[in-house]
Amino acid sequence: MFYLLLLSIFLLYFLNLGLPQVWMPNESFYAEASRRMLESFDFLTPYYNGQLRLAKPPMTYWIVSLGYTIFGVNELGLRFFHAMLGLLIGLLTFLLSKEVLKDTKVSLFSMLILLASFQFFANTRYASPEVPFTFFITLSLYLWLLGYKRGNTFLIFLAFLSSSLAMLVKGPAGFFIPASVVFLYLLFSDPKELLKKRYYFFTFIALPLGLWWHVYQLILHRKEFLDVFYSENLKRIYAGNDPFYFYPLDTLVSFLPYSFLVFFALFWTFFKKRREYSFFLVWFLFLFVFFSLVRSKIPVYVLPAYPAMAIITAGFLKDSEWHRIIKVSTLILTLLISLILIILMFYLELDSLYLLLFFFPIFFLLKERKLAPLAGAIAFIFLMDTGVLTYLEDFRKYRELGNFVASLDPENRLKTYQVGYFHHNLPFYAKRRIIRDEKPERNSIVLFEIGSFDGCNPLKTWRLYTSSESRFVTYLLDTKRNKRFKDFGVCIYR
């Protein structure tokens, strides 16, 4: 059963990976800036739509650029290595669990729980820094654990280098997170280890290797860099009003299909004094407590905790004496996911054959209850990949619009403006800068919301969404209610 589910998950990671057009707004930044990097051969300073973009270091752009080089400048190239890194995080989760717990079944289960968790899976199919960041954090902690347990200084050095790569994804947090987890773990379990000089020597190597890009941009674009660095790394700590309990509540959805079971697993490790899970507990609790104290909260901030959460949950499900809690919880979670699956199918009027997916988790509920939520997640993900996303693409005309703009000016000689709502992925599809918030000049191409510009008549019109697609549930509901959609036209303004 494990291997059937594992094979299903692996296939789902690449099924229709290149189908959705670039999502707005966040994925658009990495899609377009990476395309420009390949054109300009400037791989150090990201530009999006002609504007300097220093919000994140360049590692994510490099990863996307590598995908473009292999698969072409398209949606598959954009996301391929994010999916691969997601699977590699799953492998690292297996290896971490196996190294500590010496239990192959728990290790496989932990990998499956991670790979099928909704928030994690969604981010592996979306070009952003979150998955690369989680990969290098997980790799750093795995290498450190191996080096510490085996007395191998070289592996510990590699762990520090991995944290340097994490810094090239999201800045100083790439060093702060693994260093804090290791420090707290050793503080309680082996404080003498903290006195060893190698940790401080390797720190002086890792920090320059991870922060050289920051120094480079500070020299090159001092004011812009300092403004962005402050807002991205410091301001978020105190600016915001999200409640302290944001992440425990979010986990109930984001960590499906096993969501709230991770909290039962947490209590179980304390009550049963399962010391073998102490490293994973420190890992999980540090990230949750730290980001709960940060005032500005986003669900993906705690994504690096997911490998530890998956291992703790898998151990609880296999070895726990709390059979009644597990039995009731897995039943509730399986039925909940199956219910969501059916509601989605009927609400979006998808093919009735998708009803067969309902029986997949039910079969596991009868045969192997602990795996039933996982089977439900696989059925749900399959529905999303083949049904829901296909349905949504009928409402997403960005590629068609971008190609039309490019056909009006194949050599990119005319300025192009957008009046009204700005669609962040159009610079990628039109392969040009699109000027926003300015009055169009004559002899230019103008994309405009109907009624917002009277300088020329539209040559062709499209109905487009005018809000963030990253609020996925809202976007899905809006497609059925025809809400936040406006008509847009394109003309040549003479």
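Above this text sits the structure in question.
These figures come from a predicted structure and were not determined experimentally. (Residues numbered from 1 in each chain as written. Predicted model: local features only at pLDDT ≥ 70, side-chain atom pairs only at ≥ 80, totals over all residues. Heavy atoms only, no water.)

Draft legend 1. Spatial organisation of the overall build of the protein chain. Along the backbone of the protein chain there are 21 helices and seven strands. Taken over C-alpha atoms, the radius of gyration comes to 24 Å for the protein chain, in line with the 23 Å a tight globule of 494 residues would show. Overall, the protein chain is about 75 × 60 × 40 Å in size when its C-alpha atoms are taken along their principal axes. Counting across all 494 residues of the protein chain, residues that qualify as buried make up 56%. For the protein chain, the share of sequence-separated contacts (at least 6 apart) that also reach a separation of at least 24 residues comes to 77%. On the protein chain, roughly 21,500 Å² of surface is accessible, and the fraction owed to carbon and sulfur atoms is 64%. Both charge centroids of the protein chain, one from 52 positive and one from 35 negative side chains, sit 6 Å from each other. (Helix = DSSP H or I, 4+ residues; strand = E, 2+ residues; numbered from the N terminus. Rg over C-alpha atoms; globule rule 2.2 N^0.38 Å. Buried < 20%, exposed > 50% of the residue type's maximum accessible area, 1.4 Å probe, protein only. Contact = heavy atoms within 4.5 Å. Areas by Shrake-Rupley, 256 points an atom, 1.4 Å probe, with all protein chains shown as cover. Lys, Arg positive; Asp, Glu negative; His and termini not counted. Charge placed at Lys NZ, Arg CZ, Asp CG, Glu CD.)

Draft legend 2. Seen up close, a nonpolar patch on the surface. Judged by side-chain polarity, Leu339, Ile343, Tyr347, Val473 and Leu477 come together as a nonpolar surface patch covering roughly 450 Å² of accessible area. Here the element with the most residues in the nonpolar patch is helix α16 (residues 323-347); it accounts for three residues. As for its position among the elements, Leu339 is in helix α16. (Patch = residues over 30% accessible without salt bridge, like charges linked within 9 Å, V, L, I, M, F, W, Y side chains within 5 Å. Salt bridge = Lys/Arg side-chain N within 4 Å of Asp/Glu carboxyl O.)

Draft legend 3. Summary view of helix α11 (residues 222-238). Its 17 residues give α11 an end-to-end C-alpha distance of 23 Å, which sits within 8% of 24 Å, the value for a rise of 1.5 Å per residue. At Ser231, α11 shows its maximal kink, close to 40 degrees. Gly240, located one to two residues past α11, shows a positive phi value of around 140 degrees. (Expected span 1.5 Å × (residues − 1). Bend = angle between axes of the 7 residues up to and from the residue.)

Draft legend 4. Looking closely at the pattern of salt bridges. Considering all chains together, one arrives at 27 salt bridges under this definition. A salt bridge links Arg79 to Glu27; the shortest N-O distance between them is 2.8 Å. Here Arg79 is found in helix α4 (residues 75-101), whereas its partner Glu27 is found in helix α2 (residues 26-40), with 52 residues between them in sequence. The exposure classification of Arg79 matches that of Glu27, with both residues buried.

Draft legend 5. Up close: the nonpolar core. In terms of nonpolar packing, the biggest core is built from 160 residues, with Trp144, Phe279, Phe280, Trp283 and Val388 touching the most fellow members. It is helix α18 (residues 372-393) that contributes the most residues to this core, 14 residues altogether. Here Phe280 is in contact with Leu96, Ser97, Val100, Ala308, Ile311 and Ile312, once residues within four sequence places are set aside. Counting seven residues, the second-largest nonpolar core is a separate cluster that includes Val419, Cys456, Cys491 and Tyr493. (Core = buried A, V, L, I, M, F, W, Y, C linked by side-chain atoms within 4.5 Å.)

Draft legend 6. Molecular detail of α2. Between the first and last C-alpha of α2 there are 22 Å, a value that for 15 residues agrees with the 21 Å anticipated at 1.5 Å per step. Within α2, the full set of buried residues consists of Glu27, Ser28, Phe29, Tyr30, Ala31, Glu32, Ala33, Ser34, Arg35 and Met37. Backbone geometry just after α2 places Phe41 at a positive phi near 60 degrees.

Draft legend 7. View of the packing of aromatic side chains. Applying the stated criterion across every chain, the model contains 50 aromatic pairs. Each ring, one from Trp144 and one from Phe279, has its centre 5.8 Å from the other, and the planes form 25 degrees; the classification is stacked. Taken together, the residues span a long stretch of sequence, with Trp144 in helix α7 (residues 130-150) and Phe279 in helix α14 (residues 278-293) at a distance of 135 residues. Residue Trp144 is classed as buried on the basis of its relative accessible area of 3%. Look at Phe279 and you get buried, because its relative accessible area is 3%. Here Tyr465 and Phe485 contribute two aromatic rings whose centre-to-centre distance is 5.1 Å and whose plane-to-plane angle is 50 degrees, an arrangement assigned as tilted. In this pair, Tyr465 is assigned in strand β6 (residues 460-465) and Phe485 in strand β7 (residues 485-493), connecting sequence segments 20 residues apart. One aromatic cluster in this structure is built from Trp144, Tyr148, Tyr185, Phe279, Phe280 and Trp283. Over the ring of Phe29 we find Arg53, and its NZ or CZ is 3.9 Å from the ring centre. (Phe/Tyr/Trp six-rings, centres within 6.5 Å; stacked < 30°, edge-to-face > 60°. Lys NZ or Arg CZ within 6 Å of the ring centre and 35° of its normal.)

Draft legend 8. A look at the sheet that holds strand β3 (residues 416-419). Taken in spatial order, the five strands make up an open sheet running β4-β3-β5-β7-β6, and their pairing is mixed. A strand with exactly one partner marks an edge of an open sheet, and here the two such strands are β4 (435-436) and β6. With six bridges connecting them, β6 and β7 associate as antiparallel partners. When the bridges of β7 are listed, Thr461 appears paired with Gly489. Sheet strands in contact with helix α19 (residues 398-408) are β3, β5 (444-449), β6 and β7, and its direction is about 145 degrees off that of β6. (Pairing = 2+ DSSP bridges. Axes fitted to C-alpha atoms, helices over the stretch in contact; angles between N-to-C directions.)

Draft legend 9. View of the pairing of β7. Pairing between β5 and β7: six bridges, direction antiparallel. Bridged to Glu449 within β7 is Phe488.

Draft legend 10. The state of the cysteines, seen in detail. Per the stated rule, a full pass over the model turns up one disulfide. Two residues, Cys456 and Cys491, share a disulfide whose sulfurs are 1.7 Å apart. Here Cys456, found in the loop between β5 and β6, pairs with Cys491, found in strand β7; they are 35 residues apart in sequence, far enough to count as distant. Residues Cys456 and Cys491 agree in their burial class; the two are buried. (Disulfide = S-S within 2.5 Å.)

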